[in-house]
Amino acid sequence: MSQREIVTTLCRMCDDHCAIDVSLEDGIIVDIQGQENHPWNQGRTCTKARAAIDMVYHPDRLKKPLKRTVDGWQEIELETALDEIADKIRKIQSKYGDRSMTVWKGEATGFNQQEELAKRFCQAMGSPNYLSVDSLCFTTRYLGYTLQYGAWTAPDLENSDCILLWGTNPPTSHPFMTRMVMDAKEKGAKLIVMDPRLSMIGRTADIRVPLKAGTDGAFAWGLIHLFIKNKWADQKWLDQYTVGYSKFAKYAKKFTPEFTAAECGIPVETILQVAEMMHLSSPKVSNYVGNGLEHYQNGLNNVRAISCLDVLTGSFDEKGGNILTESLGANDLALYNEVPLDHLEPIGAKKFPVLYKLRHENNTMTALDTMISDDPYPIKGMILTAGNPIRTNPNAKKVKEALESLDLLVVRDIFMNECCEIADYILPAATFLERTDIETTRNYQVVSLRQKVIEFPECQDEYQFYHDMAQRLGFGKYFPWKDEPELTSWLLEPTGISMEDLKNHPEGIQYKPIRYRKWEEGDLASPTGKVELTSDFLKSHGNDELPVYIAPEFIARPDPRFPFTLITGARKLLYFHSRNHNIPRFKEAIPIPELEIHPEDAESLNLKDGDNIEITSRIGSVTMPLKIMASNEILKGHLQAPSGWKDNNVNLLTHDDILDPISGYPLLKGVMVNISKVADDVQYLVD
Amino acid sequence: MITINPNKCVGCLNCLYECSFTQSGDFKAENANIRISCFTEESFCIPFTCVQCSKAWCMDVCPANAMSRNQETGAVEIDQHRCIGCKMCMMACPTGSIHFDTQTRVSSKCDLCGGDPSCVKHCISGALKFEDESKAFEYKQTNIDNQMKQLLKTR
């Protein structure tokens, strides 16, 4: 009789980390279902979770290390591959210096523990040049909130009376945030959604604000203006707990409802309605800013302006508002104090000092330029793990050129991709079902365990790989733990929670109860200890002290050659960035990417549904079939094209030289483009 | 029973995909026993599936005696081997919750997945719930209470 068992772990098909019960029969995964008692997903999962079975047992899965030879790919033993890679890293570092090596961490391994391991390895290797997907995602919001409050707050959605969602569509990006929003709505909360498109969550909004791409900052300032003008905020609180209020209030003056409405392309009544709805719900007003806002030239200051709303509605660290969640207090893997490398001119640190100082992230766009130019010094080798920047970074053509210029490119992944194709070595990596780490669910202050369910002999988890490389490169002392479970136990040491405890609690363990109004207890983690409506720190780095609004390029300097505004990367439920395109039933359900257009724009150009359209920006072009939306689904003059498709790669259009001056984030949305119909006999490629 | 709250539905299609996967191993809308109607202009989506009527007309009308109530789950089930594909049940169903499976040439409907419906387990918004009939209408009271609260608050 077959042996059946269930192991509870955490999903990582997206960044929601749902708790899942994985059923095995004779050691083979046969089913994945939501874990009943975990507070985040409460027994449910989205349809991606069960598809993890298809992913781990996919026939195309990389299972043997490969080495590029003149005769093509050659299978080699893992130990030999690691020996050879270590040898090449030593040669590069002795010829060009330690800093000429880099580690690039993609999204697919996850954050926290996995990210910290990559950073630790890079630092231990003597290189201050750590690159990652954080140059495109998360950090602008992290910085935006951290600069004001000393930390990024979490929206207390379930207790909220008024929820504002900015540039985010939880059903496709954070599925179970949808449940939290809907539960609040059921209890009477109002939902306001800012998005140029009608997203899934927008369908359920009480007020939709279809503002022009990248004008969220103006809209936030318009709301600030009304709160100040109507004296809706608690002035005594502001005087006691904030700095820079008078400059802030002065700057808000110009954002009258009329000015804001014109800038955002919305009716004046909409802004009045939103402000009033927020005021009536104060302080139970929660704001959540999505990744959508990060991909603009003024992205960081737009986020900062939005964050300021929390002090005006009184929702900062209030129940139902935006809360300063407390951390688990685990051991720290960072090596910045033990191995200080700031003197080695980290790439990007000069251009984007705020990003480097607060996140130790080297701007990837700058690093790719450096690989091509060798300026200020050569970058010659890279370990790329669980990422495919040729598909996900802007200016895909240049990314490829930069990676090709390296002397050594080692790619760790689970499937072949564009980066593997140009690599020197490909190492088969472990999926989330083949590793152990801990994750915290911020909203509930709950820690849960991801545990190894299965394994494939030569598919190393991240820790094992860094450990084995560190041994070979002579800095094994920084990776002393036998394996990932031992490392995880060490990380948990100061928390009073053990691996055993977590194994016994598949629903996770709340490490600290949620507390509100912690500003009453002492200083915030910001430089002044107060909410910084103006930031001296930014000023000292040559930036505006206020979260100023600067209109996007397509509004400020329109170019008649590129009359359309392209938003890229609206999420699809089944795909996650460049992933899942090789799962047959997903491909059947969503077979092609489509360029979304307003019906009047399509009509004026005489375009029909399904026409093959060439989209052209200043730097490149890509072809995609057209989808004519309903008139309320996308703004006139705006287009939307999904990202992550191999043969219809929108990042051939996006810019790596139009960057947010503080966070260094690239312009992936609000890209100025033109479109034209491709003759019918030209076939577009579909991967 | 599976209860549906259209106010919570975002039209993400997780339920439809998972129903199709459970039934046929694929992600085709035509193989799912749940349908989602999205009214784009009105910004509204309605999921709908069999409510397992207490007096099931589909079962009464079936000339092949292919339909029966599962006493354990309460679901009205179709015996695929007995069904003659006459579509009488489809005509009798007041909510259009039975469809014709063009592969097997017989009728197909929700069988509550044997008492643990897959659509509900994959509903991310909470629009679908699997609950006791006695609990199913409690939301009406909650709704009216909340509306009263809002009214009094804004007065």
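Conventions and cut-offs
Residues numbered from 1 in each chain as written. Chains lettered and ligands numbered in written order. Predicted model: local features only at pLDDT ≥ 70, side-chain atom pairs only at ≥ 80, totals over all residues. Helix = DSSP H or I, 4+ residues; strand = E, 2+ residues; numbered from the N terminus. Rg over C-alpha atoms; globule rule 2.2 N^0.38 Å. Buried ≥ 20, exposed ≤ 12 C-beta atoms within 10 Å, placed from the backbone. Contact = placed C-beta atoms within 7 Å. Pairing = 2+ DSSP bridges. Axes fitted to C-alpha atoms, helices over the stretch in contact; angles between N-to-C directions. Parallel < 35°, antiparallel > 145°, perpendicular 65-115°, else oblique. Left-handed = near helix turned anticlockwise from the far one by under 90°. Nonpolar A, V, L, I, M, F, W, Y, C, P; charged D, E, K, R; others polar. Core = buried A, V, L, I, M, F, W, Y, C linked by C-beta atoms within 7 Å. Expected span 1.5 Å × (residues − 1). pLDDT = per-residue confidence, 0-100. Domains from an automatic or database assignment.

1. Some points on the overall build of chain A
Consideration 1: Of regular secondary structure, chain A possesses 25 helices and 29 strands.
Consideration 2: A compact globule built from 687 residues should have a C-alpha radius of gyration of about 26 Å, and chain A, at 25 Å, falls within 12% of that.
Consideration 3: With respect to the principal axes defined by its C-alpha atoms, chain A has extents near 70 × 65 × 60 Å.
Consideration 4: Within chain A, buried positions represent 57% of all 687 residues.
Consideration 5: Put simply, 73% of the contacts in chain A that link residues at least 6 apart link residues at least 24 apart.

2. Notes on the overall build of chain B
Consideration 1: Within chain B one finds 6 helices and 8 strands.
Consideration 2: Reported as C-alpha extents along the three principal axes, the dimensions of chain B are approximately 60 × 30 × 25 Å.
Consideration 3: Nonlocal contacts in chain B, meaning residues at least 24 apart in sequence, comprise 55% of its contacts between residues at least 6 apart.

3. Thoughts on the sheet that holds strand β7 (residues 130-132) of chain A
Pairing between the strands of a sheet is mediated by backbone hydrogen bonds and can be parallel or antiparallel.
All names here are of chain A.
Consideration 1: Spatial ordering of the open sheet is given by β5-β4-β17-β16-β15-β6-β7, a layout of 7 strands whose pairing is mixed. Each edge of the sheet is formed by a strand with only one pairing partner; in this case those strands are β5 (72-75) and β7. Adjacent strand axes in the sheet meet at a mean angle of 20°, parallel and antiparallel pairs treated alike.
Consideration 2: By the bridge criterion, 4 bridges tie strand β4 (residues 66-69) to β5 in an arrangement that is antiparallel. In the sheet register, T69 faces β5, and the bridge partner there is G72.

4. Brief notes about the packing of helix α15 (residues 364-373) of chain A against helix α17 (residues 396-404) of chain A
Residues and elements named next belong to chain A.
Consideration 1: One way to put it is that α15 packs onto α17 with a least axis distance of 8 Å and a crossing angle of 50°. Looking at the two axes, α15 sits oblique to α17. In the packing of α15 onto α17, the handedness of the crossing is left-handed. Taken together, the residues of α17 that come into contact with α15 (itself represented by L368, M371 and I372) are K398, V399, E401 and A402.
Consideration 2: Split into classes, the residues belonging to the contact of α15 with α17 amount to 5 nonpolar, no polar and 2 charged.

5. Some details on the nonpolar core
As a rule of thumb, soluble globular proteins bury nonpolar side chains together.
Residues and elements named next belong to chain A.
Consideration 1: By size, the foremost hydrophobic cluster in this structure holds 238 residues, and its most contacted members are I163, L223, I224 and I615.
Consideration 2: The element that contributes the greatest number of residues to this core is helix α8 (residues 216-229), accounting for 9 residues.
Consideration 3: In contact with I163, other than residues within four places in its own chain, are L157, V181, A184, A189, L191, I192 and S286.

6. Overview of helix α19 (residues 462-473) of chain A
Residues and elements named next belong to chain A.
Consideration 1: Counted at 1.5 Å a residue, the expected span for α19 with its 12 residues is 16 Å, and the 16 Å between its end C-alpha atoms agrees.
Consideration 2: Taken together, the buried positions of α19 are E462, Y463, F465, Y466, H467, M469 and A470.
Consideration 3: For α19, the elements touching its buried residues are α3 (78-96), α4 (113-124), β15 (381-385), β16 (408-413), β17 (425-428) and α20 (484-492).
Consideration 4: Looking one or two places after α19, you find G474, whose phi comes out positive at around 85°.

7. Concerning the sheet that holds strand β25 (residues 621-628) of chain A
Consideration 1: Pairing is mixed in the closed barrel, where 6 strands are placed in the order β22-β26-β23-β25-β24-β29 (chain A). Averaged over all adjacent pairs, the angle separating strand axes in this sheet is 45°, with direction ignored.

8. Some thoughts on the interface of chain A and chain B
Consideration 1: Each partner contributes residues to the interface: chain A has 31 residues there, and chain B has 27 residues.
Consideration 2: At the level of secondary structure, the elements contributing two or more residues to the side of chain A that touches chain B comprise β3 (28-34), α7 (175-186) and α24 (584-589) of chain A.
Consideration 3: Per-element accounting of the side of chain A that touches chain B gives the leading share, 7 residues, to α7(A).
Consideration 4: Of the residues that constitute the side of chain A that touches chain B, the class distribution is 13 nonpolar, 9 polar and 9 charged.

9. Observations concerning the confidence of the model for chain B
Residues and elements named next belong to chain B.
Consideration 1: Across chain B, the average pLDDT comes to 93, with 99% of residues at or above 70.
Consideration 2: Averaged pLDDT values over the elements of chain B bottom out at 79 in helix α6 (residues 138-154) and peak at 98 in helix α4 (residues 118-121).
Consideration 3: Predicted complex metrics record ipTM = 0.94 and pTM = 0.96.

10. Some points on the domain arrangement of chain A
Residue and element names in this part refer to chain A.
Consideration 1: Domain boundaries in chain A define domain 1 (4-56), domain 2 (66-138 + 328-510), domain 3 (154-323) and domain 4 (553-677).
Consideration 2: One C-alpha centre belongs to domain 1, the other to domain 2; they are set 25 Å apart.
Consideration 3: Contacts between the two partners involve 19 residues from domain 1, matched on the other side by 16 residues from domain 2.
Consideration 4: Listing elements by their share of the side of domain 1 that touches domain 2, those giving two or more residues are β1 (4-10), β2 (19-25) and α2 (52-56).
Consideration 5: Among the residues making up the side of domain 1 that touches domain 2, the classes are represented as 11 nonpolar, 7 polar and 1 charged.

11. Notes on unusual backbone geometry
All names here are of chain A.
Consideration 1: With omega at 0°, the peptide bond leading from S282 into P283 counts as cis.
Consideration 2: As for its placement among the helices and strands, P283 is situated in the loop between α12 (268-281) and β13 (285-289).
Consideration 3: Its identity as a non-glycine residue notwithstanding, F138 has a phi of 85°, on the positive side.
Consideration 4: With respect to the secondary-structure elements, F138 resides in the loop between β7 and α5 (139-149).
Consideration 5: Exposure remark for F138: the 19 C-beta atoms within 10 Å place this residue in the partly exposed category.
Consideration 6: The phi dihedral of N395 is positive, around 55°, even though this residue is not glycine.
Consideration 7: With respect to the helices and strands, N395 occurs in the loop between α16 (389-392) and α17.

12. Considerations on the packing of α3(A) against α19(A)
Residues and elements named next belong to chain A.
Consideration 1: At a minimum axis distance of 10 Å, the contact between α3 and α19 shows a crossing angle of 55°. Classed by the angle they form, the pair α3 and α19 counts as oblique. Where α3 crosses over α19, the handedness of that crossing is right-handed. Of α19, the residues touching α3 (which contributes L82, D83, A86, I89 and R90) are D468, M469, R472 and L473.
Consideration 2: For the contact of α3 with α19, the residue count by class is 5 nonpolar, no polar and 4 charged.

13. Here we look at the environment of T270(A)
All names here are of chain A.
Consideration 1: Residue placement: T270 occurs in helix α12.
Consideration 2: Owing to 21 C-beta atoms within 10 Å, T270 belongs among the buried residues under this scheme.
Consideration 3: Sequence separation between T270 and I85 is 185 residues; the distance between their C-alpha atoms is 59 Å.

14. Some remarks on α4(A)
Residue and element names in this part refer to chain A.
Consideration 1: Compared with the 16 Å implied by 1.5 Å per residue over 12 residues, the 16 Å span of α4 between its first and last C-alpha is a close match.
Consideration 2: Of all the 12 residues making up α4, 10 are buried; the element is thus mostly covered by neighbouring parts of the structure.
Consideration 3: Those residues of α4 that sit buried are Q113, Q114, L117, A118, K119, R120, F121, C122, Q123 and A124.
Consideration 4: In this fold, the buried residues of α4 make contact with β6 (101-105), β7, β15, β18 (437-441), α19 and α20.
Consideration 5: A positive backbone phi angle near 90° is found at G126, which sits one or two residues after α4.

15. A short note on the pairing of strand β3 (residues 44-49) of chain B
When a strand is regular, its side chains alternate between the sheet's two faces.
All names here are of chain B.
Consideration 1: Side chains C45, P47 and T49 of β3 all project onto a buried face; the interleaved residues F44, I46 and F48 project onto a face where none is buried.
Consideration 2: In this sheet, β3 lies alongside strand β2 (residues 34-39) in antiparallel orientation, the contact comprising 6 bridges. Directly across from C38, in β3, lies its bridge partner C45.
Consideration 3: Between β2 and β3, which pair antiparallel in sequence order, lie 4 residues; one of them, S43, sits at a positive phi of approximately 55°.

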